[in-house]
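Report on the structure
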Amino acid sequence: MLHIPSSRERPASQPEPERKLSGEPLRESALTCIFEISKILTAPCRLEVTLANVVGLLQSFVQMRHGIVSLFDDDGMPEITVGAGWSEGSDERYRMRLPRKAIDQIVATDRPLVAENVAAEPAFSAADREVLGASDDMPVSFIGVPIRIDPKVVGTLTIDRIRDDRSSLRLDYDARLLAMIANLVGQTVKLHRLFACDRERLMAEKDRLQKQILELRQPARERKKLHAHGIIGDSPALRGLLEKIAVVARSNSTVLLRGESGTGKELVAKAIHESSSRAKRPFVKLNCAALPETVLESELFGHEKGAFTGAFSSRKGRFELADKGTLFLDEIGEISAPFQAKLLRVLQEQEFERVGSNQTIKVDVRVIAATNKNLEEAVARSEFRADLYYRISVVPLLLPPLRERRSDIPLLASEFLRNFNNENGRTLTLEASAIDVLMNCGFPGNVRELENCIERTATLCAGSSIVRSDFACCHGQCLSAMLWKSTSDEMTVQPAPIAPVPSKSITPVPQATAPVPPVGSDLVSLAPPGTVLVSGPRMADRERVIAAMERSGWVQAKAARLLGLTPRQIGYALRKYGIEIKRF
């Protein structure tokens with residue numbers, strides 16, 4: 001049992017049985033108190049708010065008049081002083097309630113101080129007794145315990161109360177409880193300070209790398225050497241992205257890939273890995289949105305045999321498999337709040353425990369995360385942890401949508417058609433009229449939609465070459481036509497004339513003509529003007545969701561693609577608007 005030294009002496013004449021308290025209710029109360037306080041300490045709040053909430057909750061379990069948490073900086077000067085009901089700028093008010101001499105003794109001795117009557121204790125000066133309001137007529141009890149980070153005392157947790165018979169009996173019990181709470185507070189303070197230092201370091205590193213990217217000016221001759229497998233194109237937007245990949249690959253910094261769905265975030269992550277010093281090490285990828293939280297934890301951290309039902313053997317997680325290499329976490333914006341806290345610790349410390357094990361595993365992994373979600377808005381809505389945001393967004397790279405690199409469309413279309421020909425034993429080519437259709441399409445699904453369009457058209461093409469009339473949009477059968485029809489004028493602005501691209505399988509492209517009008521969609525715009533459907537979670541109204549479901553045969557996955565949403569978002573929309581799913 002924890003020994004709490006006391007500055008008071010027990011009256012020897014007092015019978016021992018009268019001073020005993022019922023142990024079982026006290027232990028149950030202490031466990032409940034520690035459990036509730038641990039939940040407060042793990043909540044994503046400012047440190048001052050967290051500590052004030054701890055003191056506020058402590059009032060429900062410990063008899064007290066005032067409770068104060070005081071933290072010191074590295075020089076021993078007061079840094080944070082809070083109590084129940086703390087508000088911005090109220091530190092000085094709580095600081096004036098602290099007995100200075102008693103606090104100095106707690107810090108100097110690194111031991112708790114328990115006083116049944118502060119008026120009779122030499123550890124309290126006259127000023128301390130005045131601060132606590134103690135007198136012969138009003139005896140005041142005091143308990144103070146140190147808050148430690150490792151061996152160093154960084155603060156104190158103190159309470160005072162009017163002495164009575166019952167409070168005197170609970171002094172030692174309350175002192176032990178406060179000592180345990182002070183240990184939990186110390187760990188929380190340590191983590192907050194580590195996060196603050198890490199955030200400053202990461203922001204400084206982010207600024208340095210961004211300046212390095214801006215200052216980097218490579219000659220055009222060297223730019224031709226920049227190549228990443230699977231990334232096709234020669235537009236200025238893509239060349240700029242490749243230059244950033246070359247710079248970022250030279251460091252081990254965490255990278256956050258931002259961009260719309262279908263822009264090739266996985267290819268960019270692979271390119272960064274292959275251009276880095278970790279190229280010969282594993283490249284491991286995981287889609288965070290594809291798995292529930294319980295399965296995601298096992299997938300990332302691994303599990304031991306018998307950790308849960310069906311765990312018949314031990315299994316390494318993705319972090320272990322990616323040791324010394326790169327881990328690509330796609331759709332990181334979709335993970336739940338509880339799992340965000342677990343992931344933050346791994347990214348911060350590069351260590352974790354398998355599910356069902358208490359053995360800590362240390363790894364060396366470079367993390368590349370990707371999302372098409374607006375994380376800044378998610379942080380503002382408390383849907384995404386701010387500390388995790390700063391941890392993953394060290395070097396953000398924005399991937400350009402296909403409409404901003406239209407000159408790459410002929411090259412991409414040629415590559416996709418060549419792959420189709422190799423897989424199916426055909427020799428199809430693209431005519432100029434076919435390229436003209438592709439150049440004037442909005443492609444809200446970006447490169448992925450272009451690839452699907454080429455494969456679908458090539459599959460249904462009866463001739464030896466693909467012409468304008470082979471495309472579904474020219475016959476009112478393109479379901480994605482209503483998507484780019486409803487986007488802003490930016491997506492239908494006439495592109496500048498593009499120089500012919502020499503290719504054996506592509507006829508040189510003439511100057512672009514009038515846009516090909518989309519056909520086959522009586523559905524009105526699915527989003528407000530200026531909204532890119534595939535890059536944000538904004539929902540359409542009830543009628544538009546129903547229209548999309550009817551067009552897709554009430555298949556949620558197809559309706560989600562029509563609206564540019566994820567399956568989870570379309571499910572949310574159906575529940576929000578109370579739409580009953582039709583079964584066939």
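First things first, this report covers the structure right here in the doc. What you are looking at is a predicted structure, and each value in this text was computed from that prediction instead of being measured.

1. Examining helix H21 (residues 542–551)
- Among all positions of H21, only Val545, Ile546, Ala547, Ala548 and Met549 are buried.
- Here the buried face of H21 lies against helix H22 (556–563) and helix H23 (567–576).

2. Describing the side chain of threonine 371
- Relative to the helices and strands, threonine 371 resides in strand S13 (residues 366–371).
- Polar side-chain contacts of threonine 371 include one of 3.0 Å to the backbone nitrogen of lysine 373.
- In this structure, threonine 371 is in contact with Leu256, Leu257, Arg258, Gly259, Lys265, Ile332 and Gly333, ignoring residues within four places of it in sequence.

3. Topic: the packing of H22 against H23
- Between H22 and H23, the shortest axis-to-axis distance is 9 Å and the interhelical angle comes to 100 degrees. The pairing of H22 with H23 is recorded here as roughly perpendicular in orientation. Residue-level contacts link Gln556, Ala560 and Leu563 of H22 to Pro567, Ile570, Gly571 and Leu574 of H23.
- Grouping the constituent residues of the contact of H22 with H23 by class yields 5 nonpolar, 2 polar and no charged.

4. Some words on the sheet that holds strand S2 (residues 78–83)
- Ordered by their spatial adjacency, 5 strands build an open sheet running S2-S1-S5-S4-S3, and the pairing between neighbours is antiparallel. Edge positions in the sheet fall to S2 and strand S3 (113–115), since each has one partner strand and no second. Pairs of neighbouring strands in the sheet enclose a mean axial angle of 15 degrees, with direction left out of account.
- For strand S4 (residues 140–149) and strand S5 (residues 152–162), the ladder comprises 10 bridges, and the chain directions are antiparallel. In the sheet register, glycine 144 faces S5, and the bridge partner there is threonine 158.

5. Looking at helix H5 (residues 100–109)
- Those residues of H5 that fall on the buried side of the exposure criterion are Ala102, Ile103 and Ile106. The buried residues of H5 all sit within an arc of 100 degrees when viewed along its axis, so they share a single face. Summarising the geometry of H5, the exposed residues directed more than 90 degrees from the buried face are Asp104 and Ala108.
- Each element contacted by the buried residues of H5 is listed here: strand S1 (66–72), S3, helix H6 (126–132), S4 and S5.

Quick notes on the rules
- Residues numbered from 1 in each chain as written.
- Predicted model: local features only at pLDDT ≥ 70, side-chain atom pairs only at ≥ 80, totals over all residues.
- Heavy atoms only, no water.
- Buried < 20%, exposed > 50% of the residue type's maximum accessible area, 1.4 Å probe, protein only.
- Helix = DSSP H or I, 4+ residues; strand = E, 2+ residues; numbered from the N terminus.
- Contact = heavy atoms within 4.5 Å.
- Polar contact = N/O pair within 3.5 Å; in protein donor to acceptor, adjacent residues only side chain to side chain.
- Axes fitted to C-alpha atoms, helices over the stretch in contact; angles between N-to-C directions.
- Parallel < 35°, antiparallel > 145°, perpendicular 65-115°, else oblique.
- Nonpolar A, V, L, I, M, F, W, Y, C, P; charged D, E, K, R; others polar.
- Pairing = 2+ DSSP bridges.
- Arc of directions from axis to C-beta.

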